[in-house]
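If you want the building blocks of each chain, they are given just below.
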Amino acid sequence: MSWSTVVELNVGGTPYVVSHKTLVSEEGSLLQEIFGADCPPSNLPTDAQGRFFIDRDGGLFRHVLDYLREPVRYTLPVGFLDRDRLRREAEYFRLAGLLELLAKQVPGCITVGYRGSFQFGRDGLADVKFRKITRLLVHGRVALCREVFGDTLNESRDPDHGASDRYTARFFLKHVFIEQAFDMLQEQGFRLVGSCGSGTAGSVSENLKPGVDTEENRWNHYNEFVFVRD
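Quick notes on the rules
- Residues numbered from 1 in each chain as written.
- Predicted model: local features only at pLDDT ≥ 70, side-chain atom pairs only at ≥ 80, totals over all residues.
- Heavy atoms only, no water.
- Phe/Tyr/Trp six-rings, centres within 6.5 Å; stacked < 30°, edge-to-face > 60°.
- Helix = DSSP H or I, 4+ residues; strand = E, 2+ residues; numbered from the N terminus.
- Buried < 20%, exposed > 50% of the residue type's maximum accessible area, 1.4 Å probe, protein only.
- Lys NZ or Arg CZ within 6 Å of the ring centre and 35° of its normal.
- Axes fitted to C-alpha atoms, helices over the stretch in contact; angles between N-to-C directions.
- Parallel < 35°, antiparallel > 145°, perpendicular 65-115°, else oblique.
- Left-handed = near helix turned anticlockwise from the far one by under 90°.
- Contact = heavy atoms within 4.5 Å.
- Nonpolar A, V, L, I, M, F, W, Y, C, P; charged D, E, K, R; others polar.
- Expected span 1.5 Å × (residues − 1).
- Polar contact = N/O pair within 3.5 Å; in protein donor to acceptor, adjacent residues only side chain to side chain.
- Pairing = 2+ DSSP bridges.

Enquirer: Give a detailed account of the packing of aromatic side chains, specifying residues and quantitative values.
Expert: Applying the stated criterion across every chain yields a total of 10 aromatic pairs. Geometrically, the ring pair formed by Trp-3 and Phe-35 is tilted, given 5.1 Å between the ring centres and 50° between the ring planes. Pair noted here: Trp-3 is in the segment before strand 1 (6-11) and Phe-35 is in helix 2 (residues 30-35), with a separation of 32 residues, a long-range link. The exposure classification of Trp-3 matches that of Phe-35, with both residues buried. On the basis of an interplanar angle of 65° and a centroid distance of 5.4 Å, the ring pair of Tyr-16 and Phe-61 is categorised as edge-to-face. Of the two residues, Tyr-16 is situated in strand 2 (residues 14-19) and Phe-61 in helix 3 (residues 58-69); the sequence distance between them amounts to 45 residues. On the basis of relative accessibility, which here comes to 1%, the residue Phe-61 falls in the buried class. Taken together, Tyr-16, Phe-61, Tyr-92 and Phe-93 form an aromatic cluster joined through their ring pairs. Geometry around Tyr-92 places Arg-56 over its ring, the cationic atom sitting 4.0 Å from the centre. Stacked on the ring of Phe-172, the Lys or Arg Arg-135 has its end atom at 4.1 Å from the ring centre.

Here's what the structure looks like:
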């Protein structure tokens, strides 16, 4: 029994219909090894509908097929957040071209800023308890910020939702751990190229918000850190 021109697949529970030519298009791939024989291997499992079953991530497999259809023109979607998971799929299917594409990182710049103070106890300066950061701000190109910070990025204050190929200064993070933000930037290949900050011990406003400690407000400061990926 030879292959049909059209092959029906079940990848991790997600059905796909693809041409046999597309499946075997990359030389040396696992898909070519499986589907490149003259007829289907006898040990290739099928589901209840007779579709060939592959026990991999069904959602990400559509990117595998998009790449196989047009490998030269294929690009990752703007703001794609599953680069590492897709890399694992490319490794499994032995898709050298897709692995090479995933290894390329888009250059860019991201600025992280924060307003902070120091939490004081009843004894004032003699009882400084911890650094207090009210919010971590993120400035940069939307797609790049989404790639780096993923689900930790809060976009609720950004007025132009949806457009990824633009810049914004309205993002902030859902946590206040600046070291976590730095770790995420380093993991994505960014390096710190500059920083600046306001001094402490500034003048105290006479019109403080209710609940704001006068001494603590005196130690308010603002800092920015600029990260670049070449």
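Enquirer: Provide a residue-level description of helix 6 (residues 142-149), including the pertinent values.
Expert: Counted residue by residue, helix 6 has 8 buried out of 8 residues, so it is predominantly covered. Val-142, Ala-143, Leu-144, Cys-145, Arg-146, Glu-147, Val-148 and Phe-149 are the residues of helix 6 that are buried. Of the residues trailing helix 6, Gly-150 is marked for its positive phi of about 50°.

Enquirer: Before we move on, can you summarise the packing of helix 3 against helix 4 (residues 83-93) with the specific residues and values?
Expert: Running from N to C, helix 3 and helix 4 point in directions that differ by 65°, and their axes come no closer than 10 Å. What the angle tells us is that helix 3 and helix 4 run roughly perpendicular. As helix 3 packs across helix 4, the resulting crossing turns out to be right-handed. For the pair helix 3 and helix 4, the contacting residues are Leu-60, Phe-61, His-63 and Val-64 in the first and Arg-85, Leu-86, Glu-89 and Phe-93 in the second. Partitioned by chemical class, the residues of the contact of helix 3 with helix 4 number 5 nonpolar, 1 polar and 2 charged.

Enquirer: Please give an account of helix 3 that cites residues and values.
Expert: Helical periodicity: at 3.6 residues per turn, an α-helix aligns residues three or four positions apart in one direction. Taking 1.5 Å per residue, 12 residues should reach 16 Å; helix 3 reaches 17 Å between its end C-alpha atoms and fits that length. Regarding helix 3, the residues found buried are Gly-58, Leu-60, Phe-61, His-63, Val-64, Leu-65, Tyr-67 and Leu-68. Buried residues belonging to helix 3 abut strand 1, strand 2, helix 1 (20-23), helix 2, helix 4 and helix 5 (96-103). The N-capping residue of helix 3, defined by a side-chain oxygen 3.0 Å from the backbone nitrogen of Gly-59, is Asp-57.

Enquirer: Hey, could you go over the sheet that holds strand 2 for me, with residue numbers and the actual values?
Expert: Pairing is mixed across the open sheet formed by 3 strands, whose spatial order is 2-1-3. Strand pairing shows two members of the sheet lacking a second neighbour, strand 2 and strand 3 (52-54), which therefore form its edges. Direction aside, neighbouring strands of the sheet carry axes that sit 35° apart on average. Relative to strand 3, strand 1 runs parallel, the two being bridged by 3 bridges. Considered in strand 3, the bridge of Val-11 is made with Ile-54.

Enquirer: Requested: an account of the environment of Gly-58, with residues and values cited.
Expert: Considering the arrangement of structural elements, one finds Gly-58 in helix 3. Residue classification places Gly-58 among the buried positions, given a relative accessible area of 5%. Put simply, Gly-58 and Tyr-16 are 42 residues apart on the chain and 9.0 Å apart in space, counted from C-alpha to C-alpha. Apart from residues lying up to four places away in sequence, Gly-58 is in contact with Val-11, Gly-12, Thr-14 and Tyr-16.

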